[in-house]
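Residue-level structural notes
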Amino acid sequence: MNKENPILEIRNLEVIYQSRKRESKAVNKINLVLNRKETLGLVGETGAGKTTTALSILRLLPERTARILGGQILFDNKSILEIGEKEMQAIRGERISMIFQDPMTSLNPVVPIGEQIKEALVLHNSSGRSKKEIDDRTDEILSLVGINPERKSQYPHEFSGGMKQRVVIAMALACSPELLIADEPTTALDVTIQAQVLEMMEDLKQRFQMSMIIITHDLGIVAKTCDKVAVMYAGEIIEFGTFENFFCQDNRHHPYTVGLFGSIPKIDTDEERLHPIDGLMPDPTNLPSGCKFHPRCPKCMEICKTSLPNDTVIDGHMIKCHLFVEVVE
Amino acid sequence: MKKSISLVLTVLITMMLISGCTSNTETGNVPESPAKTNLVVMSAAKAINYDPTVGAQTDTIALHSIFDSLVKFDDNADIIPYLAESWELDSSGLIYSFKLRKDVKFHDGTALTADDVVYTLDTMKANPVYAMMAGWIKSWNKVDDYTITIERPNGLTNTMNYLAGQVMIIPKGAHSKDPAGFAMNPVGSGAYKFVSIEPDGSTKLESNEAYFLGVPEMKTITIKAPLDPSAAILSLQTGEIDILTTVNGTQLEQIKNDSKITTIAFNGWSQNGLYLMGERLNNDPNLRQAIVYGVNRQNLIDLAAFGLGTLSQDLFAKRVMGEFEGAAPVPGYNLDMAKEFVAKANDVVTPLVLSITPDQAIMAQSIQSDLAALGLEVQIEQLEMNAFYEKLMNKETEMGIMMLGTFQMTVDSFMFYYASYSPFIGNAINQTPEYDALVGQIMMTADGTELRKLCIQALEHVTGMNIQVPLFDTTMMLAQNKTIENISPQSAGTYVFYLGDIKAAK
Amino acid sequence: MYKYIARRLLSIIPILLLTIFIVFVILESTPGDPAMIILGRDASPDALNALREELGFNKPMLLRYLDYVQGIFTRFDFGESYRSKQPVFDNILVQFPTTLKLAIFSVIVASIVGIPLGIVSAVRQYSLTDVALTVSALFLASIPGFWLSLLLVLFFSLLLGVLPSTGIDSWKNYILPVATLALPSAAILMRITRAQMMEVWKQDYIRTARAKGANEWRVITKHAIKNALMPVITIVGMSFAGLLGGTVIVELIFGMPGLGNLIISAIKLKDIPIVMAGTIFLSTLFMLIMLLVDLLYAFIDPRTKSQFKR
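Bear in mind that the values here come from a model prediction, so they are computed numbers and not experimental data.

Let's shift gears to the overall build of chain A. Within chain A one finds twelve helices and twelve strands. For 329 residues, the compact-globule formula gives about 20 Å, and the C-alpha radius of gyration of chain A, at 21 Å, lands near that figure. In terms of its C-alpha atoms, chain A occupies a principal-axis envelope of roughly 65 × 50 × 45 Å. Each of the 329 residues in chain A was classed as buried or not, and the buried ones make up 52%. Considering only contacts within chain A whose residues lie at least 6 apart along the sequence, 67% involve residues at least 24 apart.

Contact with chain C, which involves 22 residues of that partner, is made by 21 residues of chain A. Of the roughly 2100 Å² buried between chain C and chain A on both sides combined, carbon and sulfur atoms contribute 58%. By the criterion of area lost to chain A, the three top residues of chain C are C:Arg207, C:Ala211 and C:Lys212, representing 29% of everything that side buries. Taken together, the connections running from chain C to chain A amount to two salt bridges. One salt bridge connects C:Arg218 with A:Glu119, and the closest N-O pair in it is separated by 2.7 Å. One can count twelve residue pairs in polar contact (both at pLDDT 80 or more) joining chain C with chain A.

A few words on the packing of helix α5 (residues 131-144) of chain A against helix α7 (residues 191-208) of chain A. How two helices sit against one another is set out by the angle between their axes and by the gap between those axes. Residue and element names in this part refer to chain A. Packing of α5 against α7 brings their axes to within 11 Å, and their N-to-C directions diverge by 135°. Between α5 and α7, the crossing angle belongs to the class labelled oblique. From α5, Arg137, Ile141 and Leu144 reach across to α7, where they touch Met200, Leu204, Arg207 and Phe208. Per-class residue counts for the contact of α5 with α7 are five nonpolar, no polar and two charged.

All names here are of chain A. Two strands pair when backbone bridges link them, and strand β1 (residues 8-19) and strand β2 (residues 22-34) are joined in this way by ten bridges, in the antiparallel orientation. Bridge pairing links Gln18 to Glu23 in β2. What sits between the antiparallel neighbours β1 and β2 is a turn of two residues, in which Arg20 has the positive phi angle 45°. Relative to strand β4 (residues 66-75), β1 runs antiparallel, the two being bridged by eight bridges. Directly across from Val15, in β4, lies its bridge partner Ile68.

It is worth spelling out the nonpolar core at this point. Grouped together as the largest cluster of nonpolar side chains are 146 residues, with contacts concentrated most on B:Leu274 and B:Ile291. Counting contributing residues per domain, this core is built from domain 1 (40-265 + 476-504) and domain 2 (267-475) of chain B, each supplying no fewer than three. Excluding residues within four positions of it along the chain, B:Leu274 makes contact with B:Ile291, B:Val295, B:Leu354, B:Ile367, B:Met399, B:Gly400, B:Ile401, B:Ile467, B:Gln468, B:Val469 and B:Leu471. Of all hydrophobic cores here, the second largest spans 109 residues; its members include B:Leu234, C:Leu27, C:Phe96 and C:Ile119.

Moving on, we come to the sheet that holds strand β9 (residues 228-233) of chain A. Residues and elements named next belong to chain A. Here we have eight strands laid out as an open sheet, ordered β6-β7-β8-β3-β9-β10-β12-β11, and mixed in their pairing. With one partner strand each, in any of the chains shown, β6 (96-99) and β11 (312-314) form the two edges of the open sheet. Strand-to-strand twist of the sheet, defined as the mean angle between neighbouring strand axes without regard to direction, takes the value 20°. One ladder, built from five bridges, connects strand β7 (residues 179-183) with strand β8 (residues 211-216); its direction is parallel. Pairing of Leu179 across the sheet is with Ser211, part of β8. Packed onto the sheet, helix α10 (residues 255-262) meets β3 (39-43), β9 and β10 (236-242) and runs at close to 105° relative to β9.

All names here are of chain B. In terms of domain boundaries, chain B breaks down into domain 1 (40-265 + 476-504) and domain 2 (267-475). Relative to domain 2, the C-alpha centre of domain 1 lies at a distance of 32 Å. On the domain 2 side, the residues contacting the 25 residues of domain 1 number 21 residues. Summed over both sides, the interface between domain 1 and domain 2 buries roughly 1800 Å², with carbon and sulfur atoms accounting for 65% of that surface. At the boundary of domain 1 and domain 2, one finds zero salt bridges. Run the count over domain 1 and domain 2 and you get six residue pairs in polar contact (both at pLDDT 80 or more). Mapped by element, the contributors of at least two residues to the side of domain 1 that touches domain 2 are α4 (159-166), α8 (249-255), β17 (468-481) and α19 (490-494). Residue composition of the side of domain 1 that touches domain 2, by class: twelve nonpolar, twelve polar and one charged.

Before going further, it helps to spend a moment on the arrangement of the chains. For the two pairs of chains in contact, the maximum contact count is reached by chains B and C. At no point do chain A and chain B touch; the closest pair of C-alpha atoms across them sits 20 Å apart.

Now for the interface of chain B and chain C. Each partner contributes to the interface: chain B provides 43 residues, whereas chain C provides 45 residues. Across the chain B to chain C interface the summed buried area is about 4000 Å²; carbon plus sulfur atoms make up 68%. If you look at where chain B meets chain C, you find zero salt bridges. The interface formed by chain B and chain C includes four residue pairs in polar contact (both at pLDDT 80 or more). Elements with a contribution of two residues or more to the side of chain B that touches chain C: α1 (2-21), α7 (229-238) and α15 (385-393) of chain B. It is α1(B) that provides the largest number of residues to the side of chain B that touches chain C, a total of ten residues. Its residues assigned to classes, the side of chain B that touches chain C comprises 20 nonpolar, 14 polar and nine charged.

Parameters and conventions
Residue numbers here run from 1 along each chain, matching the order of that chain's written sequence. For naming, the first written chain is A and the first written ligand is 1, with later ones following in the order written. Reporting in this predicted model follows two pLDDT cut-offs: at least 70 for local features of residues, and 80 or more for side-chain atom pairs to be given and counted; totals over whole chains, interfaces and linings ignore these cut-offs and use all residues. Computation of side-chain values: all heavy atoms of the structure, hydrogens and water removed. For the purposes of this entry, the term helix denotes a DSSP run of H or I that reaches at least four residues, the term strand denotes a run of E that reaches at least two, and both are numbered from the N terminus. Only the C-alpha atoms count toward the radius of gyration. The rule for a globule is 2.2 Å times the residue count to the power 0.38. Here the term buried applies to any residue with accessible area under 20% of the maximum for its type, exposed to any over 50%, and partly exposed to those in between, with areas from a 1.4 Å probe on protein chains only. Only heavy atoms matter for contacts: two residues are in contact if any of them lie within 4.5 Å across the pair. Accessible area that two parts lose when put together, evaluated with a 1.4 Å probe and summed over both, is termed the buried area. We define a salt bridge as a side-chain nitrogen of Lys or Arg found within 4 Å of a carboxyl oxygen belonging to Asp or Glu. Whenever two N or O atoms come within 3.5 Å, that pair is a polar contact, provided that in protein one can donate a hydrogen and the other can accept it, and provided that, for residues adjacent in sequence, both atoms are side-chain atoms. Axes here mean lines fitted to C-alpha atoms, for a helix over just the part in contact, with angles spanning 0 to 180 degrees between N-to-C directions. Roughly parallel covers angles under 35 degrees, roughly antiparallel covers those over 145, roughly perpendicular covers 65 to 115, and oblique covers all other angles. Amino acids are sorted into nonpolar (Ala, Val, Leu, Ile, Met, Phe, Trp, Tyr, Cys and Pro), charged (Asp, Glu, Lys and Arg) and polar (every other residue, Gly among them). A pair of strands is treated as paired once DSSP finds two or more bridges between them. Residues grouped as a nonpolar core are buried Ala, Val, Leu, Ile, Met, Phe, Trp, Tyr and Cys residues, joined through side-chain atoms within 4.5 Å. The source of the domain bounds is an automatic or database domain assignment.

See the structure below:
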């Protein structure tokens, strides 16, 4: 593990959405640590709070409806939640970049893609790059993502889905950010293209020595790219560990994680039916008491219904479940 | 900043709403002209050309300013000398002999003589538009350079009024050189000279320094093309217009409290009448009589006509009737008599249809409620002017209100309208061949005494047919700025304005 | 591209012919006889017939229609006014500039007022500003032109005495008429711009721009506006085209000698040549403007532009 200070630390982050007197608890006091050059996979079903967490890091939550109730986010030891908007704008796109799920709608349809990439450079030109330097850099980053720089005057509608996502990635990486947050970067793409894009992202990560957070519900992607994994459920991180913790040795997992793995169809076994996890993600305006997973948990105990489990940590592997408290003891 | 913008907007809108609600408007700071020398008049027609012999429906105010007539109207609409300094009527009562002034010059410096008068009348006659001129002027003759005779068709014809209002003398020299071009380059003898025509149909005039009646006080005149009535009255109030040549009741309401404006009223030659036609009414004389007795005229004048009218018992306005006033009186309002006749009528159930144009709406309602009191239902049908007249001419109208009468009409010419071949009223009523013959005789008779007897017969006949209810003699109005004075009151009734007489108010 | 333009220009002709035919039929069926209107109701039947013969009214309608159309397309001859006997087209050309000025100024004022307010309203959605603006817009868009113009005259000409109420003598004469036309137009533009901005505001690429570190101003001007305004520009173009024919009431109230005024008087007096020529003029102009607007749209929207390149 790196002995340098972590690039990102989230402590007790709490975020709610408020609409017409109803409060929706999206993120419930989560904690996360990401070290430099590490890739963290943030896994969970839709609605778990993954995107909200990501948006919170960049302070891009919708102003009127979302509120950060409490907690701290430290980026390179700087408290993100306390700095001014102008300072935040300087960070966005330059030190932390984010790419979003749907490449079809993420690009401005009336601006040539070259311009859109250039914009990232122009906005963060504290080093005073000349126009030529900016142009060169744009060409460079386009080549890196596998797009012919001569196409930079073309418009987004002239590119396929996969190519568009590459453009989005190019935009995000133009200023060589230290942290890249990718929210479901390949979900909207064909399976075949997915592989290409992922490979490219890995490549770039190596080249730029970036830290990455990949948000996904696809464990396959997690397996291919991530050093660390965090599993989110109902706004909480219920399990956190290394790649090895999840995919190699350890058999101890949160019942939800087990369910997640179990629901992956295996190509080499004959399964006639899928094994989804019973039940649905709870309503964030009306969360269950105690452990949020207890209504769906096959291993539910009495205590689960009433008290929130603590974080049990075994050799860096965190599981938030009453089942494992005894073991540690 | 945006909040204060919306605040200002709201305040502005509210202020405007409030000012719109008050009917009593105080005029603001309308600048007073030091010595007024420019006059702005609003005409009833757009100017198209300035040749009075072409007969186009153009701005006659401009024409009367640029040209003069043989005679003019005094303040009471009686005839006084103008280009003709004196005249005589011969023993037959048909031939006038006019003596022209010798000191009149046209704007191009040439002298006005009898040749010009002859030329004017010849030119008019050659124009099919003036085919009706024969109804007032039968023939004319130059006696010498300053004397001319004009013969009228019969002893009653109001040739003098016709000459005053319709015959404007053009110069033979200037006109014959270029008849077509004269229309835009008029040369007259009048108080004002033509300067220009504006694209919107307004006319600009300047004073004629050599005018034989003296230099006009108003040096320049703008005659504006007609505006929408609401806009027109506002222009008068802001001072942009000095004279509104006709005003209706609604406009009067708006200015009655305005201290800067004064109005002039004149009882003229027109009368509003209710005409009864159509098959059902033609076959039901009792119903017709009921209606004649049943309309409350005074009520109608007070309520519907803003009080701008006088009661009449004749078929035509007082000035038109002249000596025939009261010769064949129409019965007045009498509810009991009306009910008697309703009882004898054939069909009182089917609604009667009263066709009107929009400006007659309130009058129609007054009539409707009067007849309702008799148990007769009246449906009001509102039509656009062209549509109304087309319906009338196609004999499809049952009841209609019409305002008829001009300063040149006389009883004899009016009786023609009731003959069965007249598309105007006659062909829609049950007319007798005797009446048609009577009208034929009237048309042929020249002698005044004979004609009088025939006219009285005709009047009695038509009155007896009960096809017309005289509603009221119209009181014509005009409105003016108090910055000027000396508008001849008859102008309100004849629409003949002598702008050269207008002076700035002291 | 040029094929498209040529096609559009050619398609104007059949539409024009149809329009002429329709107006012909309408004028034919409305009451009123031009001869009687010119000569007066008590004119003699002979005089009336002579005039009708001169005007060509005794021929059947279809024949007159064909004569007329032929006159236009072969000699560019629109005939003479029944009343003034002057060539009609000159008449129109003299009065058209007034209407054009009214339309242009109104569109400009409406855009300058409406579009920015719409943007502000959308960006500050549901705030007090937004509510105030939306309510005012509703109010202004519902006011009848007749009432608004009289109200403005009452206030500015009568009460304050600072602006003239009739005529076209100076630029001051245009202020109230343009206000009457522009205010409701501005309200509509404001609402459309607001709706468009709100749509765009929700889009993903706005979020992308923010994620790049752009500040609000840049997001609005460089990203939102360009996308939001494209349909708005079409509407502005259509407004302009519509205004060319829609200035009638304002011209009547303020006594301005424009095309609308000319055509209305001509209709009342059944001066058919003027009505026809005026209608043809306006229709052609309208179609040309719509073509320009479509081309403009292609010019500024890259997606449509590529369609044309094929």
